[in-house]
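The residues making up each chain are set out below.
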Amino acid sequence: MWEQDLTDNEIIAQMLQGQRESFSLLVKRYQQQAFKLSLVILHNRADAEDAVSEAFVKAFAALPKCREKTDFKSWFLKITYNCCQDILRKRKKISNQTAYHDLAQGASQENPLQDVVEQEEKREVWAALNSLNLEDRTALVMKYYQNASYQEIADTLKWTPGTVASRLYRAREKLRHMLERGEVNG
Amino acid sequence: MAKNKGCPHPVKLLAWLDGEVEDIHLARHLEECAKCREMTSSLEKENHLLFTALEELEPLPDISEKILARIAERDEDKDFFRFLWYLLLGCSLFVFSLVNYFLPSLINLDSWTIASVQLYSYLTSVIFTAWGLVDYVFTNSFQGGPLLPSFIVILLVSLINYIYKGRFSNA
């Protein structure tokens, strides 16, 4: 079986038997998701990278406590969320907010005009997303980027699935209003 | 958005679109209601926009090597402090045994003082041995660290402490 085909629980089982290197498979599998969640929460690339590495180190140390039935992805994203909160608590306020064009990859050159329009649209979405409160934007990223279930979001944010549904709807409404009225400054 | 009578609540519509609820009636309603269809389609567009805005963020370079190095570094620190702790514990137990051994011959003590020192000595031996044993078993079961030498030191010192209790009864 290829290493990539192993499930998270199989990798964890291997690690608990002493194959610590298997952890790099989990890191490779989830680093981008965790990074983007951290980036949306912290607005800063360097802080987001710190939060992700701290989350992986914490997850490694706590792995023996991760029960067989626990879903590694949601368990790990919860740790990432907590690490981001720790960083936020340390710095008290959002500093060095990074603009979207510094964070995004370069646009393709096939249709420059369309690219410019799309980039502008995405920059506005990013700015609107960052105007939401911490929990709302976490919920939005978890749902619409990481495809997490309402239950997983509820576990991370300590909400009920019903609250997740209504908060997601309200967050999207706010986002829509901001985009329609051009109330974004990113 | 103005709703027709019988239109689902937007939160429910969103949950359905997110795949969180299964509702045949809702699916059937969408076939008939243009407003709800329009809303669903705009929600889908927003989903796509959110996804692409995040997707386009420059990815993080692979940090797996860095993470493994950090974990190894942390383990080394942990092992060092554990070693230091066992060393201190072993040394203090050794000094304690020596004091127990020489104390009666240096000072004339009454039988009650000797008995209380002896009891204290027994208790510390038991506590340290039990603690060492539990720690060794747990550490080796979960992490497989080579702690046998430090455990043997504790056991030996406790044994010396126990054997030389004989000095007290002869004092």
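Residues numbered from 1 in each chain as written. Chains lettered and ligands numbered in written order. Predicted model: local features only at pLDDT ≥ 70, side-chain atom pairs only at ≥ 80, totals over all residues. Heavy atoms only, no water.

Participant: Lay out the overall build of chain A with the relevant residues and their values.
Facilitator: Of the regular secondary structure elements, chain A holds 9 helices and 0 strands. Reading the helices (α) and strands (β) of chain A from amino to carboxyl end gives α-α-α-α-α-α-α-α-α. Counting all 186 residues of chain A, 52% fall into the buried class. Partitioning the contacts of chain A with sequence separation of at least 6, the portion at a separation of at least 24 is 62%. Total accessible area on chain A is roughly 9400 Å²; 47% of this is exposed by carbon and sulfur atoms. (Helix = DSSP H or I, 4+ residues; strand = E, 2+ residues; numbered from the N terminus. Buried < 20%, exposed > 50% of the residue type's maximum accessible area, 1.4 Å probe, protein only. Contact = heavy atoms within 4.5 Å. Areas by Shrake-Rupley, 256 points an atom, 1.4 Å probe, with all protein chains shown as cover.)

Participant: How would you explain the interface of chain A and chain B if you had to name every residue and give the values?
Facilitator: In this complex, chain A contributes 45 residues to the contact, which on the side of chain B involves 34 residues. The junction of chain A with chain B conceals about 3900 Å² of combined surface from both sides, 62% of it contributed by carbon and sulfur atoms. The largest contributions to the chain A side of the interface with chain B come from Tyr144, Tyr169 and Arg172 of chain A, which together make up 16% of the buried area. Connecting chain A to chain B are 7 salt bridges. For the side of chain A that touches chain B, the elements supplying multiple residues, two or more each, are α2 (23–42), α3 (45–62), α5 (100–103), α6 (112–131), α7 (134–144) and α9 (161–181) of chain A. Looking at the side of chain A that touches chain B, the element that brings in the most residues is α2 of chain A, giving 10 residues. Considered class by class, the residues forming the side of chain A that touches chain B number 25 nonpolar, 8 polar and 12 charged. (Buried area = accessible area lost by both parts, 1.4 Å probe. Salt bridge = Lys/Arg side-chain N within 4 Å of Asp/Glu carboxyl O. Nonpolar A, V, L, I, M, F, W, Y, C, P; charged D, E, K, R; others polar.)

Participant: Please give an account of the packing of helix α4 (residues 72–91) of chain A against helix α8 (residues 150–157) of chain A that cites residues and values.
Facilitator: Residue and element names in this part refer to chain A. Two numbers describe how α4 lies on α8: the axes approach to 9 Å, and their chain directions differ by 35°. Like other packed secondary-structure pairs, α4 and α8 cross with a definite hand, here right-handed. For the pair α4 and α8, the contacting residues are Ser74, Leu77, Lys78 and Tyr81 in the first and Glu152, Asp155, Thr156 and Leu157 in the second. Classifying every residue of the contact of α4 with α8 gives 3 nonpolar, 2 polar and 3 charged. (Axes fitted to C-alpha atoms, helices over the stretch in contact; angles between N-to-C directions. Left-handed = near helix turned anticlockwise from the far one by under 90°.)

Participant: I'd like a description of the packing of aromatic side chains, backed by residues and values.
Facilitator: Residues and elements named next belong to chain A. For the structure on display, the rule yields 8 aromatic pairs over all chains. Aromatic pair Tyr30 and Phe72: ring centres 5.6 Å apart, planes at 45°, arrangement tilted. Residue Tyr30 is located in helix α2, and its partner Phe72 is located in helix α4; the two are separated by 42 residues in the primary sequence. In this structure, Tyr30 and Phe72 share a single accessibility class: buried. (Phe/Tyr/Trp six-rings, centres within 6.5 Å; stacked < 30°, edge-to-face > 60°.)

Participant: Describe α3 of chain A, and please don't skip the residues or the numbers.
Facilitator: All names here are of chain A. Compared with the 26 Å implied by 1.5 Å per residue over 18 residues, the 26 Å span of α3 between its first and last C-alpha is a close match. Residues Asp47, Ala48, Ala51, Val52, Ser53, Ala55, Phe56, Val57, Ala59, Phe60 and Ala62 constitute the buried set of α3. For α3, the N-terminal cap is Asn44; the gap from its side-chain oxygen to the backbone nitrogen of Ala46 is 3.0 Å. (Expected span 1.5 Å × (residues − 1). Polar contact = N/O pair within 3.5 Å; in protein donor to acceptor, adjacent residues only side chain to side chain.)

Participant: Lay out a negative patch on the surface in plain terms, naming residues and giving numbers.
Facilitator: Negative charge collects at one region of the surface, where Glu73, Glu76, Asp77 and Asp79 of chain B lie side by side. A relative accessible area of 44% places Asp77 of chain B in the partly exposed class. (Patch = residues over 30% accessible without salt bridge, like charges linked within 9 Å, V, L, I, M, F, W, Y side chains within 5 Å. Lys, Arg positive; Asp, Glu negative; His and termini not counted. Charge placed at Lys NZ, Arg CZ, Asp CG, Glu CD.)

Participant: Got a sec to walk through the confidence of the model for chain A? Specific residues and values, please.
Facilitator: Averaged over every residue, the pLDDT of chain A is 84; the share at 70 or more is 83%. Summarising per-element confidence for chain A, the mean pLDDT is lowest in α5 of chain A (63) and highest in α3 of chain A (92). (pLDDT = per-residue confidence, 0-100.)

Participant: Help me get a handle on unusual backbone geometry, residues and values and all.
Facilitator: All names here are of chain A. Unlike most non-glycine residues, His43 shows phi in positive territory, near 65°. Summarising the element assignment, His43 is placed in the loop between α2 and α3. By relative accessible area, His43 is classed as buried at 0%. The residue Asn147 is not glycine, and still its phi comes out positive at about 55°. Inspection of the secondary structure puts Asn147 in the loop between α7 and α8.

Participant: Describe the layout of surface pockets, and please don't skip the residues or the numbers.
Facilitator: Empty space among the atoms can be located by rolling a probe the size of a water molecule over them. The computed volume of the second largest pocket comes to approximately 240 Å³. Surrounding the second largest pocket, 13 residues form its lining, Val125, Arg176 and Leu179 of chain A together with Glu46 and Leu49 of chain B being those nearest its centre. Secondary structure elements with two or more residues in the lining of the second largest pocket: α6 and α9 of chain A together with α3 (34–55) of chain B. By residue class, the composition of the lining of the second largest pocket is 5 nonpolar, 1 polar and 7 charged. (1 Å grid on protein atoms, 1.4 Å probe; cavity = no way out; pocket = protein on both sides within 12 Å on 5 of 7 lines; lining within 4 Å. Points joined across faces, edges and corners; volume = space filled by probe spheres on them.)

Participant: I'd like to hear about the pattern of salt bridges, residue by residue, with values.
Facilitator: This structure, assessed with the given rule, holds 15 salt bridges over all chains. One salt bridge connects Lys66 of chain B with Glu49 of chain A, and the closest N-O pair in it is separated by 3.1 Å. A residue pair is termed interchain when its members come from two chains, as with Lys66 of chain B in helix α4 (residues 64–106) and Glu49 of chain A in helix α3. Overall, the relative accessible area of 22% leaves Glu49 of chain A in the partly exposed class. One salt bridge in this structure joins Arg172 of chain A and Glu46 of chain B, with 3.0 Å as the shortest N-O distance. Taken together, the residues Arg172 of chain A in helix α9 and Glu46 of chain B in helix α3 connect one chain to another. Comparing Arg172 of chain A with Glu46 of chain B shows no difference in burial state: the two are buried. Through salt bridges with shared partners, a single ionic network connects Glu135, Asp136, Arg167 and Lys174 of chain A.

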